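Structural overview
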Amino acid sequence: MTSSPTSYTVRPLTAHEWQQYRQIRLRSLADAPDAFGSTLAAEKDRPDDVWATRLLLATSSGKDRPLIAEISGIKNEFAGLLWAKEDATDTSVVNIFQVWVAPEYRGQGMAAALLRAAILWARSRRARLVQLGVTCGDSAAMRLYLREGFQAVGVPEPLRPDSALLEQTMRLVLEQTPVATDIPPEK
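Predicted model, so just to flag it, every value in this text is computed and none were measured. (Residues numbered from 1 in each chain as written. Predicted model: local features only at pLDDT ≥ 70, side-chain atom pairs only at ≥ 80, totals over all residues. Heavy atoms only, no water.)

Moving on, we come to the overall build of the chain. In terms of regular secondary structure, the chain is built from five helices and seven strands. The N-to-C order of helical and strand elements in the chain reads β-α-α-α-β-β-β-α-β-α-β-β. Here the C-alpha atoms of the chain give a radius of gyration of 16 Å, agreeing with the 16 Å that 2.2 N^0.38 yields for 187 residues. The principal-axis extent of the C-alpha atoms belonging to the chain is close to 40 × 40 × 35 Å. Expressed as a percentage of the 187 residues in the chain, the buried residues total 44%. Sequence-distant contacts in the chain: of pairs separated by 6 or more residues, those separated by 24 or more amount to 66%. Accessible surface, the chain as shown: approximately 9700 Å² in total, 54% of it carbon and sulfur. (Helix = DSSP H or I, 4+ residues; strand = E, 2+ residues; numbered from the N terminus. Rg over C-alpha atoms; globule rule 2.2 N^0.38 Å. Buried < 20%, exposed > 50% of the residue type's maximum accessible area, 1.4 Å probe, protein only. Contact = heavy atoms within 4.5 Å. Areas by Shrake-Rupley, 256 points an atom, 1.4 Å probe, with all protein chains shown as cover.)

Below, the discussion takes up the packing of aromatic side chains. Ring pairs (aromatic) are described by centroid distance and by the angle formed between their planes. Evaluation of the coordinates by the stated rule reveals four aromatic pairs. Ring geometry for Trp83 and Phe97: centres 6.2 Å apart, planes at 20 degrees, overall stacked. Separated by 14 residues along the polypeptide, Trp83 in strand β3 (residues 78-86) and Phe97 in strand β4 (residues 93-101) bring together distant segments of the chain. On the accessibility criterion, Phe97 (33% relative accessible area) is partly exposed. Within the aromatic cluster, the residues linked to one another by ring pairs are Tyr21, Trp51, Trp83 and Phe97. Lying across the ring of Trp51, Arg54 places its NZ or CZ 4.7 Å from the centre. (Phe/Tyr/Trp six-rings, centres within 6.5 Å; stacked < 30°, edge-to-face > 60°. Lys NZ or Arg CZ within 6 Å of the ring centre and 35° of its normal.)

So, on to the pairing of strand β2 (residues 64-71). Burial within β2 is extensive, with seven of its eight residues counted as buried. Sheet topology note: the strand β1 (residues 8-12)/β2 ladder contains five bridges and is antiparallel. Each residue of the ladder has a partner; that of Pro12, found in β2, is Leu67. (Pairing = 2+ DSSP bridges.)

Moving on, we come to the nonpolar core. Counting residues in hydrophobic clusters, the biggest one holds 50 residues, and the most contacted among them are Leu82, Ile96, Met110, Leu115, Val130, Tyr145 and Phe150. Among the elements that make up this core, the one with the highest residue count is helix α4 (residues 110-124) (ten residues). (Core = buried A, V, L, I, M, F, W, Y, C linked by side-chain atoms within 4.5 Å.)

On to α4, then. Helical geometry: 3.6 residues make up each α-helical turn, so side chains three or four residues apart lie on a common side. Helix length check: α4 (15 residues) gives 21 Å between terminal C-alpha atoms against 21 Å at 1.5 Å per residue, within 8%. What α4 keeps buried is the set Met110, Ala112, Ala113, Leu114, Leu115, Ala117, Ala118, Ile119, Trp121, Ala122 and Arg123. At the exit of α4 stands Arg126, carrying a positive phi of roughly 60 degrees. (Expected span 1.5 Å × (residues − 1).)

The next thing to look at is the environment of Gly62. You can see Gly62 is positioned in the loop between α3 (48-61) and β2. Distance from Gly62 to Lys85, taken between C-alpha atoms, is 9.0 Å for residues 23 residues apart in sequence. Once residues lying within four places of it in the same chain are set aside, the contact partners of Gly62 are Trp121 and Arg125.

Summarising the element assignment, Glu70 is placed in strand β2. When the C-alpha atoms of Glu70 and Gly133 are compared, they prove to be 24 Å apart, with 63 residues separating the residues in sequence. At 2.9 Å, the side chain of Glu70 and the side chain of Arg11 are in polar contact. (Polar contact = N/O pair within 3.5 Å; in protein donor to acceptor, adjacent residues only side chain to side chain.)

Next up, the structure:
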């Protein structure tokens, strides 16, 4: 973590930023290899056109909101990532995944700012529910989600078929969240 707070902006990724998305996604998988539904091995050798197409489809679908935290004053210096996506079977549900903040920027509110921006986007889509999975044992992430109003539901399930880790589903019912807290802080 840096010694003083870092200024950053949370914003949506654009289709042309697929190389930066690839870079931060691979960095997140290398940093936390057991925390995500995918692995570094599965992602690192994907051809460039797969990455470019993935981000192009997402940014043009209207159903996805890939967000990054960009360090202020340094173009393309991404320090955090979050992906929000309308549920394929229930458009009133938004799923959040790929939540990650670079180790040197943790503890500065960046994850909360990313999460609040995703919740704000979900509200703009008139979603009634936001849900995510948190790796059991990741107490910092669990505390963040609880502070933001999420509640654990169901029993933990395996993160991936090849992983011994469990993932806890957490949900936030938007009708119960005060609107006044929707605006993510700008830094």
